[in-house]
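# Inside the fold
Listed below, chain by chain, are the residues.
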Amino acid sequence: MDIREYFLHKKIGVLAGGISSEREVSLRSGKNVLDSLKRQGFEAFISDPADNDFIEQIKVMDVAFIALHGGYGEDGGIQGLLEVMGIPHTGSGVLASALSMNKVASKRIFREQGIPTPDYACVPLPQGYSYEDLSRKLGLPLVAKPVSEGSSVGVTIIRDESEIKGIIDELTDKHKDVFIEKYIHGQSVTVGILGNDKKLRALPVLELVSKNEFYDYEAKYTSGMTEFIIPARLDADIYKAVCQTAINAHLVLGCEGFSRVDILVSDDRIPFVHDVNTIPGLTNLSDLPACAASDGMSYDELIFEMLCSAYYRG
Ligand SMILES: Nc1ncnc2c1ncn2[C@@H]1O[C@H](COP(=O)(O)OP(=O)(O)O)[C@@H](O)[C@H]1O
Ligand SMILES: [Mg+2]
């Protein structure tokens, strides 16, 4: 059966909102997805996991388009619930979602599979290992990050050894699990990956030039705060390596349907993968729709291809 025809007979629940720190972004993504699905003639409605009757809402949907970001949305929790309830959903399954959301878990897999990722240390540091040892080993500046957040929430640059303890204590209070990464000087790029039925492709690489110190929350969601350059200003050989590395990162984590892989290309031209997003932002300012557009793909075509992932994973 034609896949579009298949979905025209389904009630599509667009899951948006939720309880993570990225709730507001998700609501914006969800609204855009809903409008797109309706424009394309599908029967769709918003369903918010933060609602008391969320379970009742799930029961009336035939398919779930997950437009949640962060905890309980992008981390496999909701995916598990939907799978147990027999509702097909878009994107990655439980394990790939959980691994991708947990930056330390993903880094361990990248390490094992030979995918470059910035050197790092978990917090608390191993016994007998001091912050002094750490800054000597990784070099300053460092980047402290929550293990499982998104949208740059909590990401903090550490420029001086004396700041490490204070920053780590503050982040640990707010976000529980925190780790420290080597700061990579270079270009910040992101690669949209699309692929149903095992055929993966990388969308044109987007380079992000932030007016802030790095691509922080404000830079991400305020119009004009970040310059988007597509295709990224990279030599042909490193451009190709970035695309291949992004596809490999998607594959080794077991992602399905789509993802967006954040990469820092160091000054010595190594593509370091630091973040795999299994549910990329879908607002009108978001990266993935911009990458798709530069490939000649409209927002509606992108949303339809993402919807199709629910068909392929069944
Ligand atoms: N190791 C690093 N070196 C330099 N900049 C970094 C590093 N890690 C993160 N950043 C900056 O912080 C932003 C957010 O970090 P990221 O790892 O993508 O987490 P998330 O997007 O999930 O919050 C990146 O887009 C980049 O601008
Ligand atoms: Mg990121």
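Residues numbered from 1 in each chain as written. Chains lettered and ligands numbered in written order. Predicted model: local features only at pLDDT ≥ 70, side-chain atom pairs only at ≥ 80, totals over all residues. Heavy atoms only, no water.

Bringing the sheet that holds strand β4 (residues 120-122) into the picture now. The strand order across the open sheet formed by 4 strands is β4-β7-β5-β6, and the pairing between neighbours is antiparallel. In the strand order of this sheet, the two ends are held by β4 and β6 (156-158), each with one partner. Averaged over neighbouring strand pairs, the angle between their axes works out to 25° when direction is ignored. The sheet strands contacting helix α7 (residues 131-138) are β4, β5 (142-146) and β7 (178-182), and the helix crosses β7 at an angle near 35°. Sitting on the sheet, helix α8 (residues 164-175) is in contact with β5, β6 and β7, with an inclination near 15° to β5. (Pairing = 2+ DSSP bridges. Helix = DSSP H or I, 4+ residues; strand = E, 2+ residues; numbered from the N terminus. Axes fitted to C-alpha atoms, helices over the stretch in contact; angles between N-to-C directions. Contact = heavy atoms within 4.5 Å.)

Attention shifts here to the environment of E22. Among the structural elements, E22 can be located in the loop between β1 (11-15) and α2 (23-39). When the C-alpha positions of E22 and G281 are compared, they lie 9.9 Å apart, and in sequence the two are 259 residues distant. What E22 contacts, discounting residues up to four positions off in sequence, is H69, G70, G150 and S151.

Moving on: the packing of aromatic side chains. One pass over the full model with this rule turns up 6 aromatic pairs. Residues F7 and Y311 carry aromatic rings whose centres are separated by 6.5 Å and whose planes lie at 65° to one another, so their mutual orientation is edge-to-face. A residue pair is termed long-range when its members are at least 10 positions apart, and F7 in helix α1 (residues 3-8) and Y311 in helix α12 (residues 299-313) qualify at 304 residues. Taking relative accessible area as the criterion, F7 reaches 0% and is therefore assigned buried. Ring plane angle 85° and centroid distance 6.4 Å describe the contact between Y120 and F179, whose orientation is recorded as edge-to-face. One end of the pair, Y120, is in strand β4; the other, F179, is in strand β7, with 59 residues separating them in the sequence. Classification of F179 as buried rests on a relative accessible area of 0%. (Phe/Tyr/Trp six-rings, centres within 6.5 Å; stacked < 30°, edge-to-face > 60°. Buried < 20%, exposed > 50% of the residue type's maximum accessible area, 1.4 Å probe, protein only.)

At 2.0 to 2.2 Å from the magnesium ion (ligand 2) lie its protein donor atoms, namely D262 (OD) and D275 (OD). Taken together, the positions of D262 in strand β12 (residues 257-266) and D275 in strand β13 (residues 271-277) put the pair 13 residues apart, joining distant regions of the chain. An identical accessibility class is assigned to D262 and D275; each is buried. (Donors = N, O, S within 2.8 Å, 3.2 Å for Na, K, Ca; no water.)

The next subject is the side chain of S309. Within the element layout of this structure, S309 appears in helix α12. Of the polar contacts made by the side chain of S309, one reaches the backbone oxygen of M306; its length is 2.5 Å. With sequence-adjacent residues up to four places away left out, S309 is seen in contact with H89, T90, G91, N196, G257 and F258. (Polar contact = N/O pair within 3.5 Å; in protein donor to acceptor, adjacent residues only side chain to side chain.)

With that out of the way, let us pick up the nonpolar core. Counting residues in each nonpolar core, the largest one holds 32 residues, and the members touching the most others are L37, F65 and L307. Of all the secondary-structure elements, those providing two or more residues to this core are α1, β1, α2, β3 (63-66), β10 (206-210), α11 (287-294) and α12. Broken down by element, the residue count for this core peaks at 7 residues, all from α12. Setting aside residues up to four positions removed in sequence, F65 forms contacts with I12, G13, V14, L15, V33, T90, L282, I303, M306 and L307. Residues I109, F110, C243 and V261 belong to the second largest nonpolar core, which totals 23 residues. (Core = buried A, V, L, I, M, F, W, Y, C linked by side-chain atoms within 4.5 Å.)

Now for the domain arrangement of the chain. Accessible area lost when the parts come together is the quantity often used to give the size of an interface. For the chain, the assigned domains are domain 1 (3-90), domain 2 (98-117 + 185-313) and domain 3 (120-182). Here the C-alpha centre of domain 3 lies 24 Å away from the C-alpha centre of domain 2. Between domain 2 and domain 3, the contact holds 16 residues from the first and 17 residues from the second. On the domain 2 side of the contact with domain 3, K103, K107 and F214 bury the most area, a combined 35% of that side's loss. Put simply, domain 2 and domain 3 have 1 salt bridge between them. At the boundary of domain 2 with domain 3, the tally comes to 3 residue pairs in polar contact (both at pLDDT 80 or more). Sorting the residues of the side of domain 2 that touches domain 3 by element identifies α6 (103-113) and α9 (217-221) as the ones contributing at least two each. With 5 residues, the single largest contributor to the side of domain 2 that touches domain 3 is α6. Along the lines of polarity and charge, the residues of the side of domain 2 that touches domain 3 split into 6 nonpolar, 3 polar and 7 charged. (Domains from an automatic or database assignment. Buried area = accessible area lost by both parts, 1.4 Å probe. Salt bridge = Lys/Arg side-chain N within 4 Å of Asp/Glu carboxyl O. Nonpolar A, V, L, I, M, F, W, Y, C, P; charged D, E, K, R; others polar.)

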